[in-house]
2 protein chains.
Amino acid sequence: MEIPQLPKGYTKDELIEPRTKLSESNLKSMLRSMNLKVTNQRLSILKALNKGPKSHVTAKDVFESIRSDYPHIGFATVYRFLKETSRFGITSELRIGHAPARYELKVREHHHHIVCTQCGKIVEFQNEIIERQIKKISKDHQFFLEHHIFELYGRCNRSSCK
Amino acid sequence: MEIPQLPKGYTKDELIEPRTKLSESNLKSMLRSMNLKVTNQRLSILKALNKGPKSHVTAKDVFESIRSDYPHIGFATVYRFLKETSRFGITSELRIGHAPARYELKVREHHHHIVCTQCGKIVEFQNEIIERQIKKISKDHQFFLEHHIFELYGRCNRSSCK
DNA sequence: ATAAAAATGACAATCATTCTCATTAGGCTT
DNA sequence: AAGCCTAATGAGAATGATTGTCATTTTTAT
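On a predicted model such as this, the values are computed, not experimentally measured, just so you know.

## Section: the overall build of chain A
Per the secondary structure count, chain A includes five helices and six strands. Counting every position in chain A, which comprises 162 residues, the buried fraction comes to 49%. Across chain A, every contact between residues at least 6 apart in sequence was considered, and the portion connecting residues at least 24 apart equals 56%. Working note: accessible area of chain A is about 8700 Å², and carbon and sulfur atoms make up 50% of it.

## Some words on the side chain of His111 of chain B
All names here are of chain B. Residue placement: His111 occurs in the loop between β3 (102-105) and β4 (112-116). A relative accessible area of 13% places His111 in the buried class. A distance of 3.4 Å separates a polar atom in the side chain of His111 from a polar atom in the side chain of His113. A distance of 3.4 Å separates polar atoms of two side chains, one belonging to His111 and the other to Glu124.

## Details of the relation of the copies chain B and chain A
Superposing chain B onto chain A takes a rotation of 180° plus a shift of 0.0 Å along the axis, which leaves an RMSD of 0.1 Å. Between the two chains, the operation in question is that of a two-fold axis. Among all residues of chain B, the one whose C-alpha sits closest to the rotation axis is Phe150 of chain B, at a distance of 2.2 Å. Interface overlap between copies is the fraction of interface residues in one copy that are interface residues in the other; for chain B against chain A it reaches 100%, indicating a shared surface.

## Things to note about the protein's contact with DNA strand D
Taken together, 20 residues lie around DNA strand D, and Val38 and Tyr79 of chain A together with Thr39, Arg42 and His72 of chain B are the ones closest in. Sugar and phosphate atoms form 76% of the subset of DNA strand D atoms that lie within 4 Å of the protein. In this structure, a base nitrogen belonging to DNA strand D sits 3.1 Å away from a side-chain N or O atom of Arg80 of chain B. His98 of chain B places a polar side-chain atom, nitrogen or oxygen, 3.1 Å from a phosphate oxygen of DNA strand D. Listed by contribution, the elements that provide at least two residues to the surface near DNA strand D are α4 (75-87) of chain A together with α2 (40-50) and α4 (75-87) of chain B. Within the surface near DNA strand D, the residues separate by chemical class into eight nonpolar, six polar and six charged.

## Here we look at unusual backbone geometry
Residues and elements named next belong to chain B. One non-glycine residue, Asn35, adopts positive backbone phi at about 60°. Counting through the fold element by element, Asn35 comes out in the loop between α1 (24-33) and α2. Here Gln142, not a glycine, exhibits a phi torsion of approximately 55°, which is positive. Considering the arrangement of structural elements, one finds Gln142 in the loop between α5 (128-140) and β6 (144-155).

Conventions we followed
Counting starts from 1 at the beginning of each chain's written sequence and moves along it residue by residue. Chain letters start at A and ligand numbers start at 1, both assigned in the order the entries are written. pLDDT decides what is reported in this predicted model: residues at 70 or higher carry local features, side-chain atom pairs at 80 or more are listed and counted, and totals for whole chains, interfaces and linings draw on all residues regardless. Remark: hydrogens and water are excluded; side-chain values derive from all non-hydrogen atoms of the structure. For the purposes of this entry, the term helix denotes a DSSP run of H or I that reaches at least four residues, the term strand denotes a run of E that reaches at least two, and both are numbered from the N terminus. Each residue's exposure class comes from its accessible area (1.4 Å probe, protein chains only) as a fraction of the maximum for that residue type: buried when under 20%, exposed when over 50%, partly exposed otherwise. Contacts between residues were defined by any pair of non-hydrogen atoms, one from each residue, lying within 4.5 Å. Exposure was quantified through the Shrake-Rupley algorithm and a 1.4 Å probe, taking into account, for residues, occlusion by the shown protein chains and nothing else. In the analysis that follows, any N or O atom pair within 3.5 Å is treated as a polar contact, provided that within protein one partner can donate a hydrogen and the other can accept it, and provided that, for residues neighboring in sequence, both atoms belong to side chains. The superposition of copies rests on a least-squares fit of C-alpha positions from residues with pLDDT of 70 or more in both. Consider each residue's heavy atoms; a residue with any of them within 4 Å of a molecule or strand counts as near. Classes in brief: Ala, Val, Leu, Ile, Met, Phe, Trp, Tyr, Cys and Pro nonpolar; Asp, Glu, Lys and Arg charged; the others, Gly included, polar.

Rendered as structure tokens:
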């Protein structure tokens, strides 16, 4: 029995619920709390992460969505900043198969993803039991836990995905 | 509070317990069960995955470990085959940060990893409670589950890692 | 306003992974 | 055992995401 591969990219038309919008001053204080200077480019990147409809965006998505405001923005700037925010835990980086990394703002509750390997739909979920087990496991192995990745892959219930 | 990044590569000196060796005929029947032709290159790749001391190896590791037998082996062959085996569920692919993908033979019980972000040590663990929750979650969301990724990252208890 | 430090952006470089395609080898059939 | 069909290999180029470099610009503390 052959296990199907993830599609190269996500479909563009699968939306998940847009997340809460953060105000500009929220975004600014995020930056200050990281001891990072407040620049318009960075605010734009944060806004691009924060605005719907897609909540899990690639560096390229961000790049393209702020190009209208900053025609000279470089990929380096986008990548550098996404990496910085993920180091600080402001964003999280989703790595799925060999597709480009996707980033999301961690403004919502801690959650995980279940991804449809056919249509690319992403659904978020939380599970307290699993979180408790994670704490237990790291304690048992004497690890000081920094972060974790937990992603489920399968086929959603759309007829075209079965 | 800044969350440290994973080191670019794993340290080479952290060993985890070598896994059970598979006989050549085991490996051959693995290939036959996938309807893949039995070639010496493929057997070598499987052996490279199966032999210790590292159980989580990159395509490059494999490439280098079989170069003595096949000086003309190409990366395409290695990647192609690793991808194939992972599609068939014979190997699993570990993607950690932006480091190259690591592969392991799925000859042992299903398990997950806890990875030290300082020294690269990888410890395997199992957790029945989590597995049950995974089944529940996919049922709740009406997903037919194909596979899942679950990796914990932190610092192990070695003094140099704290 | 000014200086020090950090951020930006143009562009090149890196490097893992994939593609192409001519050649070779595996595993049937006879 | 020879031949055929098809899959597998490997040489090399191509791709594409990500990172590095460094001169220039911007931010922010003073």
